[in-house]
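The primary structure of each chain is shown beneath.
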Amino acid sequence: MSSTRNFSWKSASRTDVGNVRQVNEDSCLDAPGRGLWIVADGRGGHSAGDVASQMLVSKLGGIASHEKLSAFVDDVEDRILEVNQRLYDMSCQEPDAKVMGTTIAALLAFRQHIVCMWVGDSRVYRLREGELLRQMTTDHSEVEEMIAEGKLDEASALDHPSANVVTRAVGGLEHVYVDLEVDELEDKDRFLICSDGLFKDLSEEEIEELLGQGSCVNACDGLLDTALSRECADNVTVIVVEFNEIGQEA
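Attention in this report is confined to the structure presented alongside it. (Residues numbered from 1 in each chain as written. Predicted model: local features only at pLDDT ≥ 70, side-chain atom pairs only at ≥ 80, totals over all residues. Heavy atoms only, no water.)

## Regarding the overall build of the chain
Here is step 1: Counting its secondary structure elements, the chain contains seven helices and eleven strands.
Here is step 2: Considering the chain as a whole, with its 250 residues, one finds that 50% of them fall into the buried category.
Here is step 3: Of the contacts made within the chain by residues no fewer than 6 positions apart, 71% connect residues no fewer than 24 positions apart. (Helix = DSSP H or I, 4+ residues; strand = E, 2+ residues; numbered from the N terminus. Buried < 20%, exposed > 50% of the residue type's maximum accessible area, 1.4 Å probe, protein only. Contact = heavy atoms within 4.5 Å.)

## Quick look at the packing of aromatic side chains
Here is step 1: Under the counting rule described, the total for this entry stands at four aromatic pairs.
Here is step 2: Centre to centre, the rings of Trp 9 and Trp 37 are 6.2 Å apart; their planes meet at 80°, and the pair counts as edge-to-face. On the criterion of sequence distance, the pair formed by Trp 9 in strand β1 (residues 7–16) and Trp 37 in strand β3 (residues 36–43) is long-range, its members being 28 residues apart.
Here is step 3: The exposure class assigned to Trp 37 is buried, which follows from its relative accessible area of 0%.
Here is step 4: Judged by centre distance (5.7 Å) and plane angle (90°), the ring pair of Phe 191 and Phe 243 falls under edge-to-face. Here Phe 191, found in strand β10 (residues 190–194), pairs with Phe 243, found in strand β11 (residues 236–245); they are 52 residues apart in sequence, far enough to count as distant.
Here is step 5: Taking relative accessible area as the criterion, Phe 191 reaches 0% and is therefore assigned buried. (Phe/Tyr/Trp six-rings, centres within 6.5 Å; stacked < 30°, edge-to-face > 60°.)

## Looking at the pattern of salt bridges
Here is step 1: What the rule picks out here adds up to 25 salt bridges.
Here is step 2: The partner of Lys 188 in a salt bridge is Asp 187, with the nearest N and O atoms 3.1 Å apart.
Here is step 3: According to the relative accessible area criterion, Lys 188 is partly exposed, its value standing at 33%.
Here is step 4: Asp 196 is paired through a salt bridge with Lys 200; the nearest N and O atoms lie 3.4 Å apart.
Here is step 5: The exposure class of Lys 200 is partly exposed, given its relative accessible area of 31%.
Here is step 6: Residues joined by salt bridges that share partners form a network here, namely Arg 21, Glu 25, Asp 41, Arg 43, Asp 121, Asp 196, Lys 200 and Asp 234. (Salt bridge = Lys/Arg side-chain N within 4 Å of Asp/Glu carboxyl O.)

## Notes on the nonpolar core
Here is step 1: Among the nonpolar cores identified, the biggest contains 30 residues, and Val 76, Ile 104 and Leu 108 are the most heavily contacted of them.
Here is step 2: The element best represented in this core is helix α2 (residues 69–93), accounting for seven residues.
Here is step 3: If near-sequence neighbours (up to four positions away) are discounted, Ile 104 is found in contact with Ile 38, Val 39, Ala 40, Leu 56, Leu 60, Ile 80, Met 117, Trp 118, Val 119, Ser 122 and Val 170.
Here is step 4: Grouped together as the second largest cluster of nonpolar side chains are 22 residues, Leu 210, Cys 216, Ala 219 and Cys 220 included. (Core = buried A, V, L, I, M, F, W, Y, C linked by side-chain atoms within 4.5 Å.)

## Section: α2
Here is step 1: End to end, α2 covers 37 Å across 25 residues, agreeing with the expected 36 Å (1.5 Å per residue, within 8%).
Here is step 2: For α2, the complete set of buried residues consists of Leu 69, Phe 72, Val 73, Asp 75, Val 76, Arg 79, Ile 80, Val 83, Asn 84, Leu 87 and Ser 91.
Here is step 3: Considering only its buried residues, α2 is in contact with β3, α1 (49–60), β4 (101–102), β5 (104–110), β6 (113–119) and β9 (179–184). (Expected span 1.5 Å × (residues − 1).)

## Description of the sheet that holds strand β8 (residues 134–135)
Here is step 1: Across the sheet, which stays open at both edges, the five strands sit in the order β1-β11-β10-β7-β8 with antiparallel pairing between neighbours. The open sheet has two free edges, formed respectively by β1 and β8, since each of these has just one partner strand.
Here is step 2: One ladder, built from five bridges, connects strand β7 (residues 123–127) with β10; its direction is antiparallel. Of the residues in β10, the one forming a bridge with Val 124 is Ile 193. (Pairing = 2+ DSSP bridges.)

## Brief notes about unusual backbone geometry
Here is step 1: Its identity is not glycine, yet Arg 111 carries a phi of approximately 55°, on the positive side.
Here is step 2: Structurally, Arg 111 is set in the loop between β5 and β6.
Here is step 3: For Arg 111, a relative accessible area of 46% gives the class partly exposed.
Here is step 4: Despite not being glycine, Cys 232 shows a phi value in the positive range, around 45°.
Here is step 5: Following the sequence through the fold, Cys 232 ends up in the loop between α7 (216–228) and β11.
Here is step 6: Judged by relative accessible area, Cys 232 falls into the buried class, the value being 0%.

As structure tokens, then:
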């Protein structure tokens, strides 16, 4: 078992409606004081998607500090499941059974560990010194299932007719399963949490380059501004978090 190491962290976030849409259905939480960062991408259209993502972020924004990582993770999961049930019930009460759903990509920090938790196709990436950019999450989407089954290659995924179809969302069904990934931090690790509006317009090579540039604010601005310089037909949300091991700062 590794000895306890302590890290400090800093973050920056931005969200934008993009170049085409009239309403921003994305919501985010940038709470470094609690070691919690969240991106939620609402689904279901105006008055549904934005309500869903805001409800989820508001609920998770009430989380206090925890003394154990397991309690932190359980609290986040319990709140996601509570919002899922509330959104599902609201959808069932609609005359036209309109789905009110949202994706979530969450990053939790606790001492020398981080936990990624997600539902849907919002993503968490890790940039580590000496390594290539790593996608920490796996999209819950039709194209991802086709890639896993060997029916589609990654290069064709974004242009596929089903590229926007998620197979799992908070509020989409009565019961939802939250995936998670635990990772041990290294000095100068940098993480990106984003909605699909970012990686629709930027390649992984571009994300890797921009994520590593300057401060968290510089990287956040570079990523979002580059997306806005493209088609940017979707809402786009970006959070950049950098971790530094205490005692290892230059």
